[in-house]
Structure formats: C-alpha cells, structure tokens
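A look at the structure
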Amino acid sequence: STIEFFIHLFPGGVLSKDNDGNLPLHLHLGLRYRPGGSFSEQDFQILELLIRYGITNGGMSTIGGLFLPDPDSNNQCTLESIMEEVGENNMERVWCIIDNCINSVGGYTNAPIVHAAIANKKCISNDLFHTILKRYGARCRNDQGMLPLSYALRMGLQWNDGTKDILDGNKMALNEIDTCTNLPAFLLYAATREWIDFSTLYELMHLRIDLSLKTG
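The shown structure was predicted, so the numbers you read here are calculated from the model rather than taken from an experiment. (Residues numbered from 1 in each chain as written. Predicted model: local features only at pLDDT ≥ 70, side-chain atom pairs only at ≥ 80, totals over all residues. Heavy atoms only, no water.)

Right, let's get into the overall build of the chain. Within the chain one finds 12 helices and two strands. Counted from the first residue to the last, the chain has its helices and strands arranged as α-α-α-β-β-α-α-α-α-α-α-α-α-α. Residues counted as buried form 46% of the 216 residues belonging to the chain. Excluding contacts between residues fewer than 6 apart, the proportion of contacts in the chain whose partners are at least 24 apart in sequence is 62%. Approximately 11,500 Å² of the chain is accessible, and the part contributed by carbon and sulfur atoms is 52%. (Helix = DSSP H or I, 4+ residues; strand = E, 2+ residues; numbered from the N terminus. Buried < 20%, exposed > 50% of the residue type's maximum accessible area, 1.4 Å probe, protein only. Contact = heavy atoms within 4.5 Å. Areas by Shrake-Rupley, 256 points an atom, 1.4 Å probe, with all protein chains shown as cover.)

This is how it looks when you write it as structure tokens:
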C-alpha cells in the first residue's frame, strides 16, 4: 500500500508528532470522512500497520503509541480513543490486531503490553487496565526479566491504582527471590525507591507475614 511504502522510506515517522502533538495514529482516527463507529476494512489494515511499525520503531514502551495520551482527549490514551471510534462491536477486532502485532514483532518480550500499561498508567483508565490484565495476565516478563509486579513496584504504581490487581493476577510473584541479594524481589523494588508507597509496602508485607516475623 502507499502508506506502507512511505513507512518503509521513513520508519520513524510512525511515532513522529506534528505541531499539535498528533501521531499518524491520531490523524488516522480524526479523518473527517468517516462517521463514528464505521471503520472500514482498509481503516483496520492501516491501524495494524501503524501499530506494528510503531512497536518496531521505538514504540515498545507504548505499544506503538497506543498508550500515549490522545492530544484531543487529555484524560485518556490513544487506545481508548480508538475503541470509541471503532464502536463496541469492533473492539475485539482491535484486540486481535494488537495480538497480531505483538506476535509479529517476536512476542511479549518485544512488546510487553502489561508493563507498558503500568508505565503509562496515568493516562489509562482503570477499566482499560483491568481489560489488559485480564487478556494478557501478570505472568509474562519484559526484556529485563521483570514480572509485572516487580515492574509496578519499580515504577511506583500505588496499591489501589493497579498493584493490587496485578498481584491478584499472579500471587506467586510474591515468592520470587532476587538472585543477587537473596531478598524477595517485591521487597527489593518497593524499598529501594526514593519515594515509597507505604500502603503498598504494608499490603505486601501483610500478605507475606512470614517476612514480617523474621524482621520483627
């Protein structure tokens, strides 16, 4: 296609913003000829191209720009704007496109969608975050070998803002031991941040009461 031809010429362009902060994804969503909820087959093909090339050209941490803020909707990410545009009947189609893009770039390690959602949680609603966790789980590691729970603690995600949900998706993560320090991984990441969310630390220690007894 013409769009794919230009992407090959300028791969980094898929994540380049215009003067208004729009990515090609946003411009694609904002096409005025298209009534809301009437994405065509060609529209879905273009969407998949932009996401896939976005992941492989510097967008691993935002899943091709899906988790970047939508300039026209400051309180939500681009993926939520896409879901609104395609309509409820086509939401599963979008998730299948995302699955295909993740698989095409080599799997979860190269497109760690749960980790990316954690890193960009400020613009991701709780409903979308829960959907991502339900679909992809909390057991896959990123390219640094970190489980979502350890990554959430490293990023300072608060207990009620997603850490509890991540733990509910993989309670065995509490038992992971850091090989360098021989400490529980969750304790290491929670305690070594400059700013500690004490509510998260309390809840985790409460669940691992055996550690509390050892240090008490």
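After presenting the structure, the write-up continues.
This part covers the side chain of Asn 170. Within the fold, Asn 170 resides in the loop between α9 (163-169) and α10 (185-191). The class for Asn 170 is buried, based on a relative accessible area of 5%.

Going through the model one piece at a time under the given rule, you end up with three aromatic pairs. Summarising the aromatic geometry, the rings of Phe 5 and Phe 6 are spaced 5.5 Å apart at their centres and angled 75° between planes, so their arrangement reads as edge-to-face. Phe 5 sits in the partly exposed class, given a relative accessible area of 49%. Each ring, one from Trp 95 and one from Tyr 136, has its centre 6.3 Å from the other, and the planes form 55°; the classification is tilted. A residue pair is termed long-range when its members are at least 10 positions apart, and Trp 95 in helix α5 (residues 91-104) and Tyr 136 in helix α7 (residues 126-136) qualify at 41 residues. Neither residue differs from the other here; Trp 95 and Tyr 136 are each classed as buried. Stacked on the ring of Phe 44, the Lys or Arg Arg 93 has its end atom at 4.4 Å from the ring centre. Note that Lys 121 overlies the ring of Phe 129, its terminal NZ or CZ placed 5.5 Å from the centroid. (Phe/Tyr/Trp six-rings, centres within 6.5 Å; stacked < 30°, edge-to-face > 60°. Lys NZ or Arg CZ within 6 Å of the ring centre and 35° of its normal.)

Note that Val 105 resides in the loop between α5 and α6 (113-119). Separated by 53 residues in sequence, Val 105 and Arg 52 have C-alpha atoms that sit 7.5 Å apart. Other than its neighbours up to four places away in sequence, Val 105 contacts Arg 52, Ile 55, Thr 56, Asn 110 and Ala 111.

On to unusual backbone geometry. Only a minority of non-glycine residues have a phi that is not negative, and only a minority of peptide bonds are not trans. Positioned with a positive phi, Ile 63 is a non-glycine residue whose angle comes to about 50°. Mapped onto the fold, Ile 63 is located in the loop between α3 (41-56) and β1 (69-70). Look at Ile 63 and you get buried, because its relative accessible area is 0%.

Within the largest apolar cluster, 62 residues are counted, with the highest numbers of intra-cluster contacts made by Phe 67, Leu 79 and Ile 113. Not counting the four nearest positions on each side in its chain, Phe 67 is found in contact with Thr 62, Cys 77, Leu 79, Ile 113, Ala 116, Ala 117, Asn 120, Cys 123, Ile 124 and Ile 132. (Core = buried A, V, L, I, M, F, W, Y, C linked by side-chain atoms within 4.5 Å.)

With that settled, consider the packing of helix α4 (residues 78-86) against α5. Each pair of packed helices can be summarised by the angle the axes make with each other and by the distance between the axes. Packing of α4 against α5 leaves a shortest axis separation of 9 Å and a crossing angle of 135°. As judged from the angle between their axes, α4 and α5 are oblique. Residues Leu 79, Ile 82, Met 83 and Val 86 of α4 form the contact with α5, whose own contacting residues are Met 91, Val 94, Trp 95 and Ile 98. Taken together, the residues of the contact of α4 with α5 sort by class into eight nonpolar, no polar and no charged. (Axes fitted to C-alpha atoms, helices over the stretch in contact; angles between N-to-C directions. Parallel < 35°, antiparallel > 145°, perpendicular 65-115°, else oblique. Nonpolar A, V, L, I, M, F, W, Y, C, P; charged D, E, K, R; others polar.)

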